[in-house]
Amino acid sequence: MAELDGQAVEVFARRLLDVFTGSGLTKLIGLGYRTGLFEAAARGPATSTALADRAGLDERYVREWLGAMVTGGFFKYEPTEGRYTFPAEHAALLTGSGARNAAPVSGLIESFGAVLPELERCFHSGGGVPYSAFRPQFTNDMDDVWRRIYDEHLLTGFLAAVPGLTEQLTAGARVLDLGCGTGHAVNLMAQAYPASRFVGYDIAADAIDAAEQERVAMGLPNARFGVLDVTQLPATPPFDVITVFDAIHDQVAPDVVLRRIHDALRPDGLFVMVDFKFSSHLERNLANPFAPLHYAISVMHCMTVSLAEGGAGLGTVWGEELARTMLAQAGFGSIEVIDAPRPQNCIYISRPVNDETPDK
Ligand SMILES: C[S@@+](CC[C@H](N)C(=O)[O-])C[C@H]1O[C@@H](n2cnc3c(N)ncnc32)[C@H](O)[C@@H]1O
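Residues numbered from 1 in each chain as written. Predicted model: local features only at pLDDT ≥ 70, side-chain atom pairs only at ≥ 80, totals over all residues. Heavy atoms only, no water.

By the naming in an unreviewed UniProt entry, the protein is Methyltransferase domain-containing protein, taken from Pseudonocardia charpentierae.

Next up, the structure:
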């Protein structure tokens, strides 16, 4: 056996320690989020007793949690006073209802971990873990992550980035959102653009129920939702705009869905697909700080839910090159990719082949 480079071993041991530490802290982020500890700590410096009182929790558990928070670099500690401080710059990323609050991501990662035994079986024998194994928890966690992103970025970020779209929606358009989940994007759009009519489809009945409840609560006559497997999307009546947020790469038959989207658009229609901004080539993702987490999410969710049904298993990191190829194969004659308001996403702006396009 070749002699080991001791320094390289040391460096990698440090890296492994960081990874295991991150995994433990991810779970404690989830606990801090769900118990209200982060919100309570953001109200000002406190001893463990005061913080436990503030949050209505057991002091011993809070103190041990704080030990991890201090040594993990989340909180500061003053030993003479026994006081813990949650710096405002850190609280900005773990509290509040805005898109900057990353704490809900911990819930998604944790719930993916629940299927590891089934996933291990797939490593041996192929196949996948179906969507049903992730629900209903997935529906809630996905909503918790994306709701705040839509609130902050949908109208002024994602939609505003697409040339002419805001004007089109203001004037009045027929719009479809596929894989709409709990429908918050549709409801926000319907509220902002009363002259347009919106439809949201998802295969998950629990998500569509939540979407419909929110629609009623918001009093939106110009939106509706339905349970539909979008591989069955009819071509009529045609839509002016079709949107998809993070819901193509986990499809069983993404090629069929893209073709259906193409066929359900008017010839001058617009397809807006928000997805993750990666290359289809691993070697081009090496410097992308989002890559390891998204490959992991792909293994634990996006790829496996598709493979479970004998599907394509594109995965979260299917990437721009493959996406462009598949959009072209679905018939889109014009495909543009632009940056999104969040650095981990990009926006594909595609239009159907028009009558002048020779290969139609
Ligand atoms: C990653 S989630 C994104 C949900 C939503 N766009 C959001 O941002 O919260 C993907 C969604 O696509 C839905 N989906 C997957 N395959 C589908 C299909 N064949 N027909 C309809 N919806 C589907 C799932 O149920 C899930 O809600």
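**Q** Describe the sheet that holds strand S2 (residues 76–78), with residues and values.
**A** Backbone-to-backbone hydrogen bonds pair the strands of a sheet. The strands run either parallel or antiparallel. Strand order in this open sheet of 3 strands is S1-S3-S2, and the pairing throughout is antiparallel. Each having just a single partner strand, strand S1 (46–47) and S2 make up the two edges of the open sheet. Alignment of S1 against strand S3 (residues 83–85), held across 2 bridges, turns out to be antiparallel. Pairing of threonine 47 across the sheet is with arginine 83, part of S3. (Pairing = 2+ DSSP bridges. Helix = DSSP H or I, 4+ residues; strand = E, 2+ residues; numbered from the N terminus.)

**Q** Describe the sheet that holds strand S10 (residues 345–352), and please don't skip the residues or the numbers.
**A** Pairing in this open sheet of 7 strands is mixed, and the strands run S6-S5-S4-S7-S8-S10-S9 from one edge to the other. Edge positions in the sheet fall to strand S6 (223–227) and strand S9 (332–339), since each has one partner strand and no second. Within the sheet, the average angular offset between the axes of one strand and its neighbour, ignoring direction, is 20 degrees. As defined by bridge partners, strand S4 (residues 174–178) adjoins strand S5 (residues 197–202) across 5 bridges and the pair is classed as parallel. The partner of aspartate 177 across the bridge, within S5, is glycine 200. Seen against the sheet, helix H14 (residues 319–329) touches strand S8 (265–276), S9 and S10 and runs at an angle of roughly 155 degrees to S9. (Axes fitted to C-alpha atoms, helices over the stretch in contact; angles between N-to-C directions. Contact = heavy atoms within 4.5 Å.)

**Q** Tell me about the packing of helix H12 (residues 254–263) against H14, residues and numbers included.
**A** Helices that pack against each other are described as a pair by the angle of their axes relative to one another and the distance between those axes. Orientation of H12 relative to H14, taken along the N-to-C sense of each, is 55 degrees, at an axis distance of 9 Å. With respect to H14, the element H12 is oriented oblique. At the point where H12 passes H14, the crossing takes the right-handed sense. Together, Pro254, Asp255, Leu258 and Arg259 of H12 and Met326, Leu327 and Gln329 of H14 make up the contact between the two elements. Counted by class, the contact of H12 with H14 contains 4 nonpolar, 1 polar and 2 charged residues. (Parallel < 35°, antiparallel > 145°, perpendicular 65-115°, else oblique. Left-handed = near helix turned anticlockwise from the far one by under 90°. Nonpolar A, V, L, I, M, F, W, Y, C, P; charged D, E, K, R; others polar.)

**Q** A description of the site of the ligand should follow, citing residues and the corresponding values.
**A** In the region of the ligand, 19 residues are neighbours, and Tyr150, Gly179, Asp202, Asp229 and Phe245 sit closest. One of the side-chain N or O atoms of glutamine 251 is found 3.1 Å from a nitrogen atom in the ligand. Coverage of the ligand by the protein chains reaches 95% of its 600 Å² of free accessible surface. The element contributing the most residues to the shell around the ligand is helix H8 (residues 137–159), with 3 residues. In terms of residue class, the shell around the ligand is built from 11 nonpolar, 3 polar and 5 charged. (Near = heavy atom within 4 Å. Polar contact = N/O pair within 3.5 Å; in protein donor to acceptor, adjacent residues only side chain to side chain. Areas by Shrake-Rupley, 256 points an atom, 1.4 Å probe, with all protein chains shown as cover.)

**Q** Could you give me a rundown of a nonpolar patch on the surface, with the residues and numbers involved?
**A** Together, Phe12, Leu16, Val19 and Phe20 make up an exposed nonpolar region whose accessible area comes to about 390 Å². Relative to the assigned elements, valine 19 resides in helix H1 (residues 6–35). Residue classification places valine 19 among the partly exposed residues on the basis of a relative accessible area of 38%. (Patch = residues over 30% accessible without salt bridge, like charges linked within 9 Å, V, L, I, M, F, W, Y side chains within 5 Å. Salt bridge = Lys/Arg side-chain N within 4 Å of Asp/Glu carboxyl O. Buried < 20%, exposed > 50% of the residue type's maximum accessible area, 1.4 Å probe, protein only.)

**Q** Quick one: what's the story with the domain arrangement of the protein, residue by residue and with numbers?
**A** Annotation of the protein at the domain level lists domain 1 (6–95) and domain 2 (106–352). Taking the mean C-alpha position of each, domain 1 and domain 2 sit 34 Å from one another. On the domain 2 side, the residues contacting the 6 residues of domain 1 number 6 residues. Carbon and sulfur atoms make up 49% of the surface buried where domain 1 meets domain 2, a total of about 440 Å² over both sides. Sorting the residues of domain 1 by area buried against domain 2 places Thr26, Tyr33 and Arg34 first, and these three jointly supply 70% of that buried surface. Summed over the shared surface of domain 1 and domain 2, the result is 1 salt bridge. (Domains from an automatic or database assignment. Buried area = accessible area lost by both parts, 1.4 Å probe.)

**Q** With reference to specific residues and values, describe the packing of aromatic side chains.
**A** Tallied over the full model, the rule gives 12 aromatic pairs. Between phenylalanine 271 and phenylalanine 332, the ring centres sit 5.5 Å apart and the planes meet at 25 degrees, which makes this aromatic pair stacked. Placement of the pair is phenylalanine 271 in strand S8 and phenylalanine 332 in strand S9, with a sequence separation of 61 residues. The two residues phenylalanine 271 and phenylalanine 332 agree in class, both being buried. Aromatic ring contacts, followed pair by pair, group Phe38, Trp65, Phe75 and Phe86 into a single cluster. Across the ring face of tryptophan 146, the terminal group of arginine 342 is positioned such that the distance to the ring centre comes to 5.4 Å. (Phe/Tyr/Trp six-rings, centres within 6.5 Å; stacked < 30°, edge-to-face > 60°. Lys NZ or Arg CZ within 6 Å of the ring centre and 35° of its normal.)

**Q** Requested: an account of the UniProt feature "domain: Methyltransferase" (unreviewed entry) in the protein, with residues and values cited.
**A** Summarizing the sequence annotation, UniProt attributes the feature "domain: Methyltransferase" (unreviewed entry) to residues 170–288 in the numbering used throughout. Helix makes up 29% of residues 170–288 and strand makes up 29%, while its end C-alpha atoms are separated by 37 Å. (UniProt positions renumbered as here; feature names shortened; annotations may be inferred.)

**Q** An account of the pattern of salt bridges is requested, with residue identities and associated values reported.
**A** In the structure shown here, the tally under the stated rule is 15 salt bridges. Ionic pairing is found between glutamate 64 and arginine 60, a salt bridge with its closest N-O pair at 2.8 Å. Note that glutamate 64 and arginine 60 are positioned in helix H4 (residues 59–71) at a spacing of 4 residues, about one turn of the helix. The closest approach of N and O atoms between glutamate 214 and arginine 147, which form a salt bridge, is 2.8 Å. Of this pair, glutamate 214 sits in helix H11 (residues 205–218) while arginine 147 sits in helix H8, placing them 67 residues apart in sequence. Overlapping salt bridges, with partners in common, bring together Asp143, Arg147 and Glu214 in one network.

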